[in-house]
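Here's the letter readout for the chains.
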Amino acid sequence: GENVEQHPSTLSVQEGDSAVIKCTYSDSASNYFPWYKQELGKGPQLIIDIRSNVGEKKDQRIAVTLNKTAKHFSLHITETQPEDSAVYFCAASYGNNRLAFGKGNQVVVIP
Amino acid sequence: DTGVSQDPRHKITKRGQNVTFRCDPISEHNRLYWYRQTLGQGPEFLTYFQNEAQLEKSRLLSDRFSAERPKGSFSTLEIQRTEQGDSAMYLCASSLTDRDFLYEQYFGPGTRLTVT
């Protein structure tokens, strides 16, 4: 099955700085890579996704890059704000029917 | 659109009891997923439905677990003879579907189960 790993497990950044979270996946057939944000006591919220036919996608302060050759993808958050503090999960598709998730990154934005 | 809803939000039960959770997906979504999430981990796939058909089950879904989606709308997840190891957040997600395309999955708020 698909194996997804995230690094680092915890990331602290000063407000206004950028945060980058990296994920690697194992299944070369994976073609869909979403990122979710989860706040305490809530379900995961889809924030951005990318498909294998695109190398980069941006939505306001959030961007995702994909390197299919190296089998890794990254989430970039610019101009971080306190409300960006949360756990972020990456995921990769496999079997065209399901997602495999990483273990999550705790992002702490220090005011 | 009110999004995916789950009920109850929290459930505390004693070991050996049966529990049932409900999920109402986004109305036009014909695919519905169940995941389990334990502390410090990402969601783990349990099973999914396309309309009323249960198409895939993870090996995590033991014989004590059963899921249904009788009319292709809401779904229930039942755990029989609960064990302390079943304590987790149970998440439901829904999506559109296409044979060759994995659509975005939208999650509900989850049901947190505590087995004492």
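The following refers to the structure shown. Since we're looking at a predicted model, the values are computed, not measured.

Take unusual backbone geometry next. For the bond running from Asp7(B) to Pro8(B), omega is -5°, close enough to zero to count as cis. Inspection of the secondary structure assignment puts Pro8(B) in the loop between strand E1 (5–7) and strand E2 (10–13). Not every positive phi belongs to a glycine, and Glu79(A) is a case in point at roughly 45°. Of note, Glu79(A) is situated in the loop between strand E8 (72–77) and strand E9 (86–94).

Looking now at the interface of chain B and chain A. Across the contact, 24 residues belong to chain B and 19 residues belong to chain A. Buried area between chain B and chain A, summed over both chains or domains, comes out near 1800 Å², and the portion from carbon and sulfur atoms is 49%. The interface formed by chain B and chain A includes two salt bridges. Two residues, Arg98(A) and Glu56(B), come together in a salt bridge whose shortest N-O distance is 2.3 Å.

One pass over the structure, following the stated rule, counts 15 aromatic pairs over all chains. Ring geometry for Tyr36(A) and Phe107(B): centres 5.2 Å apart, planes at 90°, overall edge-to-face. A residue pair is termed interchain when its members come from two chains, as with Tyr36(A) in strand E4 (residues 32–38) and Phe107(B) in strand E10 (residues 106–107). Take Tyr36(A): its relative accessible area is 0%, and that puts it in the buried class. Taking relative accessible area as the criterion, Phe107(B) reaches 10% and is therefore assigned buried. Aromatic ring contacts, followed pair by pair, group Tyr36(A), Phe101(A), Tyr33(B), Tyr35(B), Phe45(B), Tyr48(B) and Phe107(B) into a single cluster. The cationic tip of Arg22(B) hangs over the ring face of Phe74(B); the distance from NZ or CZ to the ring centre is 3.9 Å.

About the thresholds
- Residues numbered from 1 in each chain as written.
- Chains lettered and ligands numbered in written order.
- Predicted model: local features only at pLDDT ≥ 70, side-chain atom pairs only at ≥ 80, totals over all residues.
- Heavy atoms only, no water.
- Helix = DSSP H or I, 4+ residues; strand = E, 2+ residues; numbered from the N terminus.
- Contact = heavy atoms within 4.5 Å.
- Buried area = accessible area lost by both parts, 1.4 Å probe.
- Salt bridge = Lys/Arg side-chain N within 4 Å of Asp/Glu carboxyl O.
- Phe/Tyr/Trp six-rings, centres within 6.5 Å; stacked < 30°, edge-to-face > 60°.
- Buried < 20%, exposed > 50% of the residue type's maximum accessible area, 1.4 Å probe, protein only.
- Lys NZ or Arg CZ within 6 Å of the ring centre and 35° of its normal.

Purely geometric numbers; function is a separate question.
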